[in-house]
Amino acid sequence: MRNSDEPLSPERQGLRDQLAEGYQMIGKSPIKVDAMAKVTGQTMFADDLSMPRMLHCKILRSHVAYARILSIDTSAAEALPGVIAVLTGAAMPIPFGILPVSQDEHALCLDRVRFVGDPVVAVAAVDEETAFEAIQRIHVEYEKLEPVFDPTTAIENKQEPLHDYGDDGNVHKRVSMEFGEVEEAFAAADLVLEDTMFFEGNTHLPMEQHASLAWREADGRLTIQSSTQTPHYLHKAMSKVLEMPPSRVRVIACPNGGGFGGKSDPFNHEIVVAKLALMTNRPVKIALTREEVFYCHRGRHPVLMHVKTGFRKDGSMTGMHFQSLLDGGGYGSYGVASTYYTGALQTVTYKVPAYRFDGVRCFTNKPPCGPKRGHGTPQPRFALEVQLDKAAVALGLDPADLRLRTLHPAGGITANWLQVGSMGLGPCIEKVVEASGWKDKWGKLPAGKGVGLACSSYISGAGLPIYWNAMPHSGVTVQLDRGGGVAVFCGETDIGQGSDTVLAMVVAEVLGVDLADIRLTVADTHTTPVDLGSYSSRVTVMMGHAAFQAAERAREVVARSVAKRLEVPAVRLRFAENRVFDVQDPENGMPFPKAVQVAEAEHGTIAMAGSYTPPASPGKYRGAGVGPSPAYSYSAAVVQVDVDLETGVVAVEKIWVAHDVGQSINEMLVIGQVEGGVYMGLGEALMEEMSYRSNRFGVHKIPSMLEYKSPTTHEMPPVETFLIESPDPNGPFGAKEVGQGPLLPMMPAVANAVFDAVGVRVDEVPVTPDKVLKAMQAKDKRYGPKSFPDLRITETMRVKTLEQGGDGTAPRPPRAEKQEVKSS
Amino acid sequence: MKPATEPDSPARSKVQMILRVNGESHDVAFVPHKTLLEVLREDMRLTGTKHGCELGECGTCTILVDGVPRLSCLMLGLESDGHDIRTIEGMAGACGAHPLQTAFAELGAAQCGYCTPGFLLAAEAVLARDPTPSRATLVEELGGNLCRCTGYLKIYEAIELAAARMQKGTPDA
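Residues numbered from 1 in each chain as written. Chains lettered and ligands numbered in written order. Predicted model: local features only at pLDDT ≥ 70, side-chain atom pairs only at ≥ 80, totals over all residues. Heavy atoms only, no water.

Chemist: Give me the lowdown on the overall build of chain A, citing residues and values where you can.
Modeler: The secondary structure content of chain A amounts to 20 helices and 32 strands. The C-alpha radius of gyration computed for chain A amounts to 27 Å, which stays within 12% of the reference 28 Å derived for 824 residues, consistent with globular compactness. Counting only C-alpha atoms and orienting by the principal axes, one finds that chain A spans roughly 85 × 75 × 55 Å. For chain A, the proportion of its 824 residues judged to be buried stands at 67%. Sequence-distant contacts in chain A: of pairs separated by 6 or more residues, those separated by 24 or more amount to 80%. Carbon and sulfur atoms make up 51% of the accessible area of chain A, which totals about 26300 Å². (Helix = DSSP H or I, 4+ residues; strand = E, 2+ residues; numbered from the N terminus. Rg over C-alpha atoms; globule rule 2.2 N^0.38 Å. Buried < 20%, exposed > 50% of the residue type's maximum accessible area, 1.4 Å probe, protein only. Contact = heavy atoms within 4.5 Å. Areas by Shrake-Rupley, 256 points an atom, 1.4 Å probe, with all protein chains shown as cover.)

Here it is as structure tokens:
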């Protein structure tokens, strides 16, 4: 848990010895600390909250995709009995946004609307029905502008730009960087493949719609309880827009009824209810409808991709040139980071000696895209893993063997300067190959049946925070009380993944107490140390380290006093089963509460803090902030399908998945994350898509849970899960992420299985029956995009790789920019 | 903002009804066009019943009406007259949690927990009809309940575990 070689105190050495003797908690599967509340309906989600005198808020949203606001007439709404306040954008002119480089949103639109669903006017009324009636009485006069709905048109820059910032016109962000000599690499290859692929956008679809309740405290402070994954960033945005010092704004994140990235942005409705609460001096609540959640979106970017890769005869790669064009929607959101992420992690699974990435994100008049589980990496992963399958076929190799031969080495640095730590992809592939009977199935099943293999990797937390600062990414306070209770405070937010339980288990492991003795206070900016939020698969690693450090410091104080009292060296003390005792004479000890009392008598109140900052990354070039992580997880999956030759319907029969998690903290929760990721990936692979009517001004085609198809029990096949555990030096107890990585192999594995079953390539996600049929009827036995536009790259940043003797910097930065995006 | 002298409340007349919920009779007044979901959540503060779409598409608001799973978002509160309503709040008794609840907790069948009340009540109805349901039965019977976290697998396992325990008469061991 520490990097330095300085000798440990006897108390800390005692903890190391205790852990080396075997874990009490880690790796086991106690029930989640919040499980009983959830199964009895006692968990209070944001919309379950209410307060006396509470008002209800509704937001009037734009019904046009792109227009100037000429006038807003709210008089009829204000005249409606029961309406208490009407709010327009003029009252909140300060912009906000998740990234410092794209502060381009307003809580309510000021002068322009940029997509159907953009918020324009808000009403607070005595009940929801009155608020709804009121927004229908508001008249907004629009001057329609010519909208743009796809990035291949947007990049031409013929429309009025959506924003007055960005790289040019509707090009929000343009990136180009080359590591090593890609053209030389292609010249040295035995086989060069070029593929154009498309990954359609899709959305998180959490079961809980976003809701928020805000009120002004008697002393003038503002409090909001909200379904957010990132209370810290909401705190910053609210403080900025409402012009209140952060110390007087309190954000409490409720347990999220599913997030998946969809509750990671600070949202306009959160700021709106806060403003209305300040205006009316009454609590104000908003609960979005399902349709509104579809328009809030911030989900998977549609990405058109072109990938050119050189292969040697043995399947190893000589170099890769990856291009991506992202359809960003109406606002920045996490988009700059998303753009970089479509080019960041291609290099951490297999050895790519030379690598070039060009990426462009365009603004379009649709709901903004952002981070969904896998953030920016499932799209390129799909393209890469499908192309590897094609390469294997072209080279006469087994796709599993090809991958095993070209794995990136553990502990190595990639061409784009990412530091790989532990790397268990090889064992993952071997496990699923063996369990699925791959060798007897691939290329050998009867027509219509097939198997496909794909792999992936994901970050265990972003190496850099979203806004530049040198402070820790996670903090935890542990406070011991005389009764033996342990109060733990942390800003982390449980969105269903079980982070509360991970927090409690880490502390319980160190202090040897029962989970029931631990009381958590989480996700509250007034009372808990900052944790940056539940995004980028960062919580277990970062919070876990901080919790370990805080608990270790508390344990040290207790051990010092108990050692004196028992007259044994502190190094011999063990904390287990709610006791502190001499490991050489276990009878010589005392109950944990007594130990706390002894220590408190000597040292005073025991409250210790711990925190965590990720290690520095070797990459120093501009844009190197996206991709680094303390550790990378790895996954491999085999999918078996049955394709109906008449209808093109793809039925998934079984999935085998292996995930290198480093070390499970709670094995049951890890498997739950794997299965959930597999499920969500399967939905993306087969059916989920955000689609809009461009001929009807960008209206969402299917903003309902019935018509936006997602897998039901009928579509979910059996899944066999294998965990590969080889502790990572950078993880707490060796743990790495599991929340996002296992989703990624699903889409390419399904596409590859369809090829094995019916011999056609669907180079597009989702793999729907019509596409399979069209591919079967096509001369080239393929369905997918035919061309890739010129990204108009004028300058490429060139960075020498480690092999070339580089030092991680770019010798000649192309040009100065306003502000650098650190990460997400 | 308006001066305090103006009428600030719309006139909405309420109906008064006795609702039989979780074995108890409740005298409830509510606006007559409210759905049962809204009456439970807003007028009775039984917020354990969740909503995912309020259009009958997701199964999240499932409750039991006379033992039969119903979508409370598609029923008016008025329609519950004379019926026995069971919500998640009525599932655990004084002597502890229902075996389904225990099994869901033990096996991690509740991740975010938002769809969980609906699944638990739907599962209770399944077990009432078929104490040892096959996996195929569960797939069929739970096809109307969406879960975005678990991929349904832990939910099946938890129902099967609870069913086995209920058969043996050992609620949670």
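Here the narrative resumes.
Chemist: Explain helix 7 (residues 231-242) of chain A residue by residue, including any values.
Modeler: All names here are of chain A. An ideal rise of 1.5 Å per residue puts 16 Å on 12 residues; helix 7 measures up with 16 Å between its terminal C-alpha atoms. The element helix 7 is largely enclosed, with a buried count of 10 among its 12 residues. Buried within helix 7 are the following residues: Pro231, His232, Tyr233, Leu234, His235, Ala237, Met238, Ser239, Val241 and Leu242. Contacts from the buried residues of helix 7 go to strand 10 (222-226), strand 11 (249-253) and helix 8 (268-280). One or two residues past the end of helix 7 sits glutamate 243, with phi positive at roughly 55°. (Expected span 1.5 Å × (residues − 1).)

Chemist: Explain the domain arrangement of chain A to me, using residue names and the numbers behind them.
Modeler: All names here are of chain A. Domain assignment breaks chain A into domain 1 (10-30 + 480-612), domain 2 (46-145 + 204-296) and domain 3 (174-203 + 298-464 + 619-783). Here the C-alpha centre of domain 3 lies 35 Å away from the C-alpha centre of domain 2. At the interface, 30 residues of domain 2 touch 32 residues of domain 3. Overall, the association of domain 2 and domain 3 removes approximately 2700 Å² of surface from exposure, summing both partners, and the carbon and sulfur fraction of that is 63%. Inspection of the domain 2/domain 3 interface yields 2 salt bridges. The salt bridge involving glutamate 105 is made with arginine 298; its shortest N-O contact spans 2.8 Å. Linking domain 2 to domain 3 there are 15 residue pairs in polar contact (both at pLDDT 80 or more). The element contributing the most residues to the side of domain 2 that touches domain 3 is helix 9 (residues 290-296), with 5 residues. Split by residue class, the side of domain 2 that touches domain 3 holds 15 nonpolar, 7 polar and 8 charged. (Domains from an automatic or database assignment. Buried area = accessible area lost by both parts, 1.4 Å probe. Salt bridge = Lys/Arg side-chain N within 4 Å of Asp/Glu carboxyl O. Polar contact = N/O pair within 3.5 Å; in protein donor to acceptor, adjacent residues only side chain to side chain. Nonpolar A, V, L, I, M, F, W, Y, C, P; charged D, E, K, R; others polar.)

Chemist: Summarise the packing of aromatic side chains; cite the residues concerned and give the values.
Modeler: Residue and element names in this part refer to chain A. Taken as a whole, this structure holds 14 aromatic pairs over all chains when the rule is applied. Measuring from centroid to centroid gives 5.4 Å for tyrosine 23 and phenylalanine 733, while their planes differ by 85°, and the two rings are edge-to-face. With tyrosine 23 in the loop between helix 1 (10-20) and helix 2 (35-39) and phenylalanine 733 in the loop between strand 28 (719-724) and helix 19 (746-758), this residue pair connects regions lying 710 residues apart in the sequence. For the ring pair phenylalanine 115 and tyrosine 331, a centre distance of 6.1 Å and an interplane angle of 80° mean the geometry is edge-to-face. Of this pair, phenylalanine 115 sits in the loop between strand 4 (112-113) and strand 5 (119-125) while tyrosine 331 sits in the loop between strand 14 (317-327) and helix 10 (335-344), and the two are 216 residues apart along the sequence. Relative accessible area serves as the criterion here: at 4%, phenylalanine 115 is assigned to the buried category. Of the residues examined, tyrosine 331 reaches a relative accessible area of 4% and is grouped as buried. Ring pairs connect the aromatic residues Tyr23, Phe548 and Phe733, which therefore count as one cluster. The lysine or arginine in question, lysine 236, covers the ring of tyrosine 467, its NZ or CZ lying 3.8 Å from the ring centre. Over the ring of phenylalanine 755 we find arginine 761; its NZ or CZ atom is 3.6 Å from the centre of that ring. (Phe/Tyr/Trp six-rings, centres within 6.5 Å; stacked < 30°, edge-to-face > 60°. Lys NZ or Arg CZ within 6 Å of the ring centre and 35° of its normal.)

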